[in-house]
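Residue-level listing of the chains:
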Amino acid sequence: MSQPLTSLSGHTTPILTLPDAAQDIYDGVRDMPIISPHGHCNPRWFAENPAFADPAELLIIPDHYILRMLYSQGVALEDLGIGVPPEKRDARAIFRIFANHWHKFRGTPSDAWFATTMARTFGITATLNAENADTFFDKIDAELKAARLRPQALLEEFNIEVLATTDNALDDLSHHKAARKQKLSGKIIPTFRPDSILDPKHPDFKADIVKLAEVTGQETESFGGYLEALRDRRAYFMAYGATATDHAVADLMTCYLTEKRAAALYAKACSGKITPKEAQVFYGHMLTEMAQMSAEDGLVMQIHAGSKRNTNSALYNKFGAHKGADMPVQVNWVEGMDALLNRVGNERDMNILLFTLDESAYARELAPMAGHWPALRLGPPWWFHDSANGIARYLDQVVETAGYWNLAGFNDDTRALMSIPARHDMWRRGVSLHLAQQRGRGILGRSDVDEIAQLLCRDLAIDAYKLGKVV
Amino acid sequence: MSQPLTSLSGHTTPILTLPDAAQDIYDGVRDMPIISPHGHCNPRWFAENPAFADPAELLIIPDHYILRMLYSQGVALEDLGIGVPPEKRDARAIFRIFANHWHKFRGTPSDAWFATTMARTFGITATLNAENADTFFDKIDAELKAARLRPQALLEEFNIEVLATTDNALDDLSHHKAARKQKLSGKIIPTFRPDSILDPKHPDFKADIVKLAEVTGQETESFGGYLEALRDRRAYFMAYGATATDHAVADLMTCYLTEKRAAALYAKACSGKITPKEAQVFYGHMLTEMAQMSAEDGLVMQIHAGSKRNTNSALYNKFGAHKGADMPVQVNWVEGMDALLNRVGNERDMNILLFTLDESAYARELAPMAGHWPALRLGPPWWFHDSANGIARYLDQVVETAGYWNLAGFNDDTRALMSIPARHDMWRRGVSLHLAQQRGRGILGRSDVDEIAQLLCRDLAIDAYKLGKVV
Amino acid sequence: MSQPLTSLSGHTTPILTLPDAAQDIYDGVRDMPIISPHGHCNPRWFAENPAFADPAELLIIPDHYILRMLYSQGVALEDLGIGVPPEKRDARAIFRIFANHWHKFRGTPSDAWFATTMARTFGITATLNAENADTFFDKIDAELKAARLRPQALLEEFNIEVLATTDNALDDLSHHKAARKQKLSGKIIPTFRPDSILDPKHPDFKADIVKLAEVTGQETESFGGYLEALRDRRAYFMAYGATATDHAVADLMTCYLTEKRAAALYAKACSGKITPKEAQVFYGHMLTEMAQMSAEDGLVMQIHAGSKRNTNSALYNKFGAHKGADMPVQVNWVEGMDALLNRVGNERDMNILLFTLDESAYARELAPMAGHWPALRLGPPWWFHDSANGIARYLDQVVETAGYWNLAGFNDDTRALMSIPARHDMWRRGVSLHLAQQRGRGILGRSDVDEIAQLLCRDLAIDAYKLGKVV
């Protein structure tokens, strides 16, 4: 506890410094308000404004980027408090393990996000290591009790204009209701996530179809009633401010069945007698149905495709999902979106946002598709790719074919509230580096780069997510 | 109509400016004559020397890069004159729509091509926008009537040594015949494009096989007669200067069948009773036959593979092909070329040029293949990738494995005559940037970069397309 | 023969010169000892210390990078001495052909490796060409007779701490035994390469299973005896210093069968009656068995996947394997490694090193996998990709997700002893360029880059290959 954390012995935490031309652009966007149209924060935070328990719960336990790297380096998840009841966790011990291995994050986005968070929010500019672990822990822990680090205050401190959570389609949105009664400096809105009631392979499918009937008052035994119930739920979410849906798809496939065939598969799915192949077909059809409902009700449709979930069976059986063993797989976007786009892709007032984990699809499929279909826009680099070099590769590979106006700006996609400014900051620096390079080569002029920087850091997200009335 | 277009209010159209080391290389190739060995200009232009009708017909209607981007941004194709008879089009109204959306092309190659064309050919350096649209239109329209902007004069102004068109295999080449009688400053030659008489899936296959018999005087009812007719047509094209064939393949597959099997499939194809799978096999065999004929008659074989055509059914039904809905798909080049290369790939006097829309194949498949098979060369970045960053990625990913001498230089592949110098200029700048970087890192010396710049901008195209006797 | 080779007429061989920031890092690693944990040198060289016969045998005939490029440019392999008995080869004539075409290697790693070797080992800084070919030949030829260019002396001159060869699993390691009796300045160790006794598709499978029984004294008629024999052989290799196995897999697939099913397939394989599909399943199972044996005995497991061998039938029939016609193909690493990793991937003391020829897998599959599974590490850029730009792409695409500590450093993978320092030098320059860029953008600090440079150039290889007790 004696080390001063604002200086350091010959070694400061690196935070991206930019070449002059990029810095010049960055200065114009650095302090813009934050639009966070897709992420996984807990709406309860904004309804109830609790304090975070301790540094381990704040920074380590919910961060799958950190868990995965530590696990890959031989740290047992139990030693990080995973699968351990909160009351039995030793937060300080967990933080020490984290600190002992911190150097192994060098060069990863986690390193930059943590450094930015420590510097901006806690005033700590030293680099975490085994020696100063306790000093870090104590300083963070002490600050966490302060009112300024509670969720509602952070919303203001971070200058977040709008933040969308991601919510189960059956959710009663009670936290959102409660949050709306608070005086918040930014808007908190839900996002409609219906995977468990669309995909017969989802472990909760059968139970959730029953619940769907309960919460909507619709009968869900017939396919027609099921569709009505889905429409009800979408309207319910919209009433609480939702502007978008979100869909996770491992193996992307869309199709459009006759109503009779769809109804037959639905009956099979409800009875649990559907084959895996039929289940995929049914989900493929339902994605197209969702797109058609979006064409009607205006909800923006997000598709996150190509993550194979839970590839480590032993880990999944012991600790459950989201522990770092989800792996990217290839997606054939042209074939996979064919049926859906041929139903609604020519709609001009509809936005479908695509997210990939396969960078080889940026230039080959996604940019050409977004540069043609009126309804399509490209989501920003996702998951493993929202890093300094990942952002550079994304912009390098998409803008020449799709242009800037077919992009959806940035979203942080995080469940770590504290890291939101750091993640947007990395995007803003990445955008500035990209635009400086484009200008240096004469591809863009001075007024262009400033305009496009604003677009990429704010306006495109508002436009793509139809947040014009929210902000 | 009062805005002066040679200056501008605080904003000039960006045209690639280069760092000093690249500029130095660029100065040596900037004004070299143009070799255009593959493209889609209309040979009638050079035979009859017509004036272009108006700015919309010149710059917008035939350019699928422009149509696709405007369509993706919600512009209706009808409003751009597509599907509208020429006499009912309002060229000025079309040009205004184009101008209103022009900023959405920022950062795309269309932006650079247009700016280069306006500056070099029309002396206009202002950036097009809603306010100056009419001034642009009037100035371009007035110039179009001048003799200096007719095709034959442009050929000279652009310093084009040779320009290859792409012609249906059944074409009588009458425009080429007529063009040969004109005093042209550069050579116009045809390219043999036999897709419709090789691929049973082609909508014109059956009709074109009948026509093939008519134009050659061969019977095409037997497989042997069909092959003879193909040889006839190749010889006919060669008599008018053709040095190459061109083949479009969606799903690349080649094979080599027994003559009996090939003949049986041919009979099925002619009767219209061939299955899609058999049709693919037959086309795969015929590509190998074409390669063998090339080994005999010396025509260079171009293979453009991996474009899924007309993915937007509604648009295709309404407006037909080439409206921006063709999408890249993956190609397995190693498997796909296996049979063909094992027939003729070891030929030393044969050139087979491969073009891909999948950049992930550059380093994985194409460079290793070109760096082994004597008959193979890599074509330049195709379609979505002939942009500043696309050129950089291509050179970065192919030269270390294939070397420079297994490349085919550049071709513009355009149907827009006016844009040819701009497209070659982008390649020359891209080459200069690449070589300057290679020199800066000590990979190439000063004399190397100048020599390789000449190669990439002229000599390799001449060698790859066997144009030594033409230029 | 009169040209002085240490100067040149206006043209020096380029050897990577580095920008200041990179040079600064490079100075710290340039002269580090060499760790060569995977390669294909002949162990006889170190046991018997023969002189190399002549410049052609030293530099051309064994180098498939050089053969493939010359072949692609129309040189007949016979003219390079391939398929010609050594006593009938004209080394000088071969060298002249090589020199005549040398400019075609500009920009390839062969160019840099050759230049580095000539400069450092022979003091020649001129660029090879048709005019100075004989002077080069004579100078190299004369030097080859000197004691300082014999293998044992080179080991010392090159400052190689440890060099692993790759040896057939049935090898008696007699050269290794003999080498251990020499006073060598570095350690020579074998690597266990059991492809021919694991893969029923291998042409030597049946014969080698019989030999396996002979050399181990185990009966290999039963599956249990076969597994015992494999364990015996692994132990034998470990007794002579082996720390790793190596596996080549064209189409990666792993599985885990019941013992009964595995035994049945083994019986079929031994009888030669196994189908290709069953053979793949059996090999997939045996890779998992190898991984389990590694979990027990500690041998590091290397998997080189995705090379389709001998794609040029005519060349293979005439000259055999390794003549430049092996081509990369795509590998699905997530699916392909699934069964194996779910058996042993959570082991903390085990190292499995993956090598790919498909760069699109770096960021999509390999970095996420290495950043999760404790047993996995990423091998360095392989084969076509161990070049200046290839190294840059590798580091750019893997470190943000996998971090540096999940990498396996560098290995040269060469059968060309003379080129080893040049190959490590290219890696060290590439690492320095990468780290300088990371530092310039503020992602890494000064002390970070020096530490990570040491890691990447030495420590990670020692750790990944468990060479801690060897060096």
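Criteria and cut-off values
The written sequence of each chain sets the order in which its residues are numbered from 1. As they are written, the chains are lettered A onward and the ligands numbered 1 onward, keeping that order. Per-residue local features are limited, in this predicted model, to residues with pLDDT of at least 70; the limit for side-chain atom pairs, both in listing and counting, is 80 or more; totals at the level of whole chains, interfaces and linings are taken over all residues. In computing side-chain values, all of the structure's heavy atoms are included and hydrogens and water are not. Each helix corresponds to a stretch of at least 4 residues labelled H or I by DSSP, and each strand to a stretch of at least 2 residues labelled E; elements are numbered beginning at the N terminus. Note that the radius of gyration is over C-alpha atoms, with the globule rule given as 2.2 Å times the number of residues to the power 0.38. Exposure classes here rest on a 1.4 Å probe applied to the protein chains alone. A residue is buried below 20% of its type maximum, exposed above 50%, and partly exposed in between. Here, residues are in contact when the closest pair of their heavy atoms is within 4.5 Å. Areas reported here follow the Shrake-Rupley algorithm with a probe of radius 1.4 Å; residue values treat only the protein chains shown as occluding. Positive charges come from Lys and Arg, negative ones from Asp and Glu, while His and the chain ends are left out of the count. Charged side chains are reduced to one point each, which is NZ for Lys, CZ for Arg, CG for Asp and CD for Glu. Note: two strands are recorded as paired if DSSP finds a minimum of 2 bridges between them. Overlaid copies result from least-squares superposition on C-alpha atoms, with residues included only where pLDDT is at least 70 in both. Buried area: the sum, over both parts, of the accessible surface (1.4 Å probe) that disappears when the two are put together. For this document, the term salt bridge refers to a Lys or Arg side-chain nitrogen within 4 Å of an Asp or Glu carboxyl oxygen. Polar contacts, as used here, are pairs of N or O atoms within 3.5 Å; protein pairs need one atom able to donate a hydrogen and one able to accept it. Residues neighboring in sequence count only if both atoms are side-chain atoms. Three classes are used, and their members are as follows: Ala, Val, Leu, Ile, Met, Phe, Trp, Tyr, Cys and Pro are nonpolar, Asp, Glu, Lys and Arg are charged, and the others, Gly among them, are polar. As annotated, the domain borders come from an automatic or database domain assignment. All axes here are fitted lines through C-alpha atoms, helices being fitted over the stretch that makes contact, and every angle between N-to-C directions spans 0 to 180 degrees. The span expected for a helix works out to 1.5 Å for each residue beyond the first. An angle below 35 degrees is treated as roughly parallel, one above 145 as roughly antiparallel, one from 65 to 115 as roughly perpendicular, and anything else as oblique. Less than a right angle of anticlockwise turn of the near helix away from the far helix marks a crossing as left-handed, whereas a clockwise turn marks it as right-handed. To define a nonpolar core, start from buried Ala, Val, Leu, Ile, Met, Phe, Trp, Tyr and Cys residues and group those joined through side-chain atoms within 4.5 Å.

A. View of the overall build of chain A. Helix and strand counts for chain A come out as 21 helices and 11 strands. Over its C-alpha trace chain A gives a radius of gyration of 23 Å, about what one expects of a compact globule, namely 23 Å for 471 residues. Considered along the principal axes of its C-alpha atoms, chain A spans approximately 70 × 60 × 45 Å. Of all 471 residues assigned to chain A, the portion counted as buried reaches 63%. Within chain A, contacts between residues separated by at least 24 positions form 78% of all contacts whose residues are at least 6 apart in sequence. Taken as a whole, chain A presents about 16,100 Å² of accessible surface, with 49% of it coming from carbon and sulfur. Of note, chain A has its 50 positive side-chain charges centred 2 Å away from the centre of its 59 negative side-chain charges.

B. Representation of the pairing of strand β2 (residues 160-164) of chain B in the model. All names here are of chain B. Across the 5 residues that make up β2, a large majority, 4, are buried. Where strand β1 (residues 34-36) lies against β2, 3 bridges are found, and the strand directions are parallel. Bridge pairing links S36 to L163 in β2. Pairing between β2 and strand β4 (residues 187-189): 3 bridges, direction parallel. Bridging from a neighbouring strand, A164 pairs with I189 of β4.

C. Molecular detail of the relation of the copies chain C and chain B. Of the transformation superimposing chain C on chain B, the axial component is 0.0 Å and the angular component is 120 degrees, with the fit at an RMSD of 0.0 Å. Here the transformation between the copies is reduced to the relation of a three-fold axis. Closest approach to the rotation axis among the C-alpha atoms of chain C is made by S360 of chain C, whose C-alpha sits 3.6 Å away. With a heterologous cut-off of 20% or less, the 5% of interface residues of chain C that recur at the interface of chain B puts this contact in the heterologous class.

D. Structural detail: the interface of chain C and chain B. With 44 residues of chain C at the interface, the matching set in chain B holds 38 residues. For the chain C and chain B pair, buried surface summed over both sides reaches about 3,500 Å², with 48% attributable to carbon and sulfur atoms. Put simply, chain C and chain B have 4 salt bridges between them. A salt bridge links R393 of chain C to D396 of chain B; its shortest N-O distance comes to 3.1 Å. At the junction of chain C with chain B, the criterion picks out 25 residue pairs in polar contact (both at pLDDT 80 or more). Only α4 (64-72), α6 (109-122), α15 (313-319), β9 (327-328) and α19 (388-402) of chain C provide two or more residues apiece to the side of chain C that touches chain B. Residues belonging to the side of chain C that touches chain B are distributed by class as follows: 17 nonpolar, 18 polar and 9 charged.

E. Geometry of unusual backbone geometry. All names here are of chain A. One non-glycine residue, W383, lies in the positive phi region at around 60 degrees. Residue placement: W383 occurs in the loop between β11 (376-378) and α19 (388-402). Taking the relative accessible area as the measure of exposure, W383 reaches 11% and is therefore buried.

F. Local environment of the interface of chain A and chain C. Across the contact, 44 residues belong to chain A and 38 residues belong to chain C. Taking both sides of the interface into account, the surface hidden between chain A and chain C amounts to around 3,500 Å²; carbon and sulfur atoms contribute 49%. Where chain A touches chain C, the interface holds 4 salt bridges. Of the charged contacts, one joins E335 of chain C and K308 of chain A as a salt bridge, the two residues approaching to 3.1 Å between their closest N and O atoms. At the junction of chain A and chain C, the tally comes to 25 residue pairs in polar contact (both at pLDDT 80 or more). Looking at the side of chain A that touches chain C, the elements that each hand over two or more residues are α4 (64-72), α6 (109-122), α15 (313-319), β9 (327-328) and α19 of chain A.

G. Examining the domain arrangement of chain A more closely. Residue and element names in this part refer to chain A. Taken domain by domain, chain A consists of domain 1 (51-149) and domain 2 (192-464). A straight line from the C-alpha centre of domain 1 to that of domain 2 covers 30 Å. Taking both partners together, domain 1 and domain 2 bury about 1,900 Å²; carbon and sulfur atoms supply 67% of that area. Where domain 1 packs against domain 2, one counts 2 salt bridges. With a shortest N-O distance of 3.0 Å, R120 and D425 are connected by a salt bridge. Where domain 1 meets domain 2, there are 5 residue pairs in polar contact (both at pLDDT 80 or more). Of all elements in the fold, only α4 and α6 reach the threshold of two or more residues within the side of domain 1 that touches domain 2.

H. Layout of the sheet that holds strand β2 (residues 160-164) of chain C. All names here are of chain C. Read across the open sheet, the 3 strands follow the order β1-β2-β4; overall the sheet is parallel. Each having just a single partner strand, β1 (34-36) and β4 (187-189) make up the two edges of the open sheet. Averaged over neighbouring strand pairs, the angle between their axes works out to 10 degrees when direction is ignored. Relative to β1, helix α20 (residues 420-440) is tilted by about 105 degrees, and along the sheet it contacts β1 and β2.

I. Fine view of helix α12 (residues 223-239) of chain A. All names here are of chain A. Taking 1.5 Å per residue as the helical rise, α12 with its 17 residues ought to reach 24 Å, and the 24 Å between its terminal C-alpha atoms agrees with that figure. Residues F223, G225, Y226, L227, A229, L230, R233, R234 and F237 constitute the buried set of α12. G241 occupies a position one or two residues after α12 and carries a positive phi of about 100 degrees.

J. How the structure looks around the packing of helix α5 (residues 91-100) of chain C against helix α7 (residues 133-144) of chain C. Residues and elements named next belong to chain C. Between α5 and α7, the least distance of the axes is 9 Å, while the angle of their chain directions is 130 degrees. Here α7 runs oblique to α5, going by the angle between their axes. Crossing geometry of α5 relative to α7 is assigned as right-handed. Together, A91, R92, F95, R96 and A99 of α5 and A133, D134, F136, F137, D138 and I140 of α7 make up the contact between the two elements. Residues belonging to the contact of α5 with α7 are distributed by class as follows: 7 nonpolar, no polar and 4 charged.

K. Here's a closer look at the relation of the copies chain A and chain C. Once chain A has been moved 0.0 Å along the axis and rotated by 120 degrees, it coincides with chain C to within an RMSD of 0.0 Å. When you check the interface residues of chain A against chain C, a mere 5% turn up at the interface there too, and the two sides of the contact use different surfaces.

L. Layout of the nonpolar core. Core analysis: the biggest nonpolar cluster contains 116 residues, and Y226, I303, W333, M337, L340, I352 and L407 of chain C have the highest contact counts within it. Looking at this core element by element, the count peaks at 10 residues for helix α21 (residues 446-464) of chain C. Setting aside residues no more than four positions away along its own chain, L340 of chain C makes contact with T254, L287, T288, A291, M301, I303, G345 and I352 of chain C. Membership of the second largest hydrophobic core comes to 115 residues, among which are L198, A269, A367 and L407 of chain B.

M. Inspection of the packing of helix α12 (residues 223-239) of chain B against helix α14 (residues 276-297) of chain B at higher detail. Residue and element names in this part refer to chain B. Remark: α12 packs on α14, axes separated minimally by 11 Å, with the N-to-C direction vectors making an angle of 50 degrees. On the basis of the axis angle, α12 is oblique to α14. In this structure, α12 meets α14 at a crossing whose hand is right-handed. For the pair α12 and α14, contact is made by F223, Y226, L227, L230, R231, R234 and M238 and by F282, H285, M286, E289, M290, M293, S294, E296 and D297, respectively.

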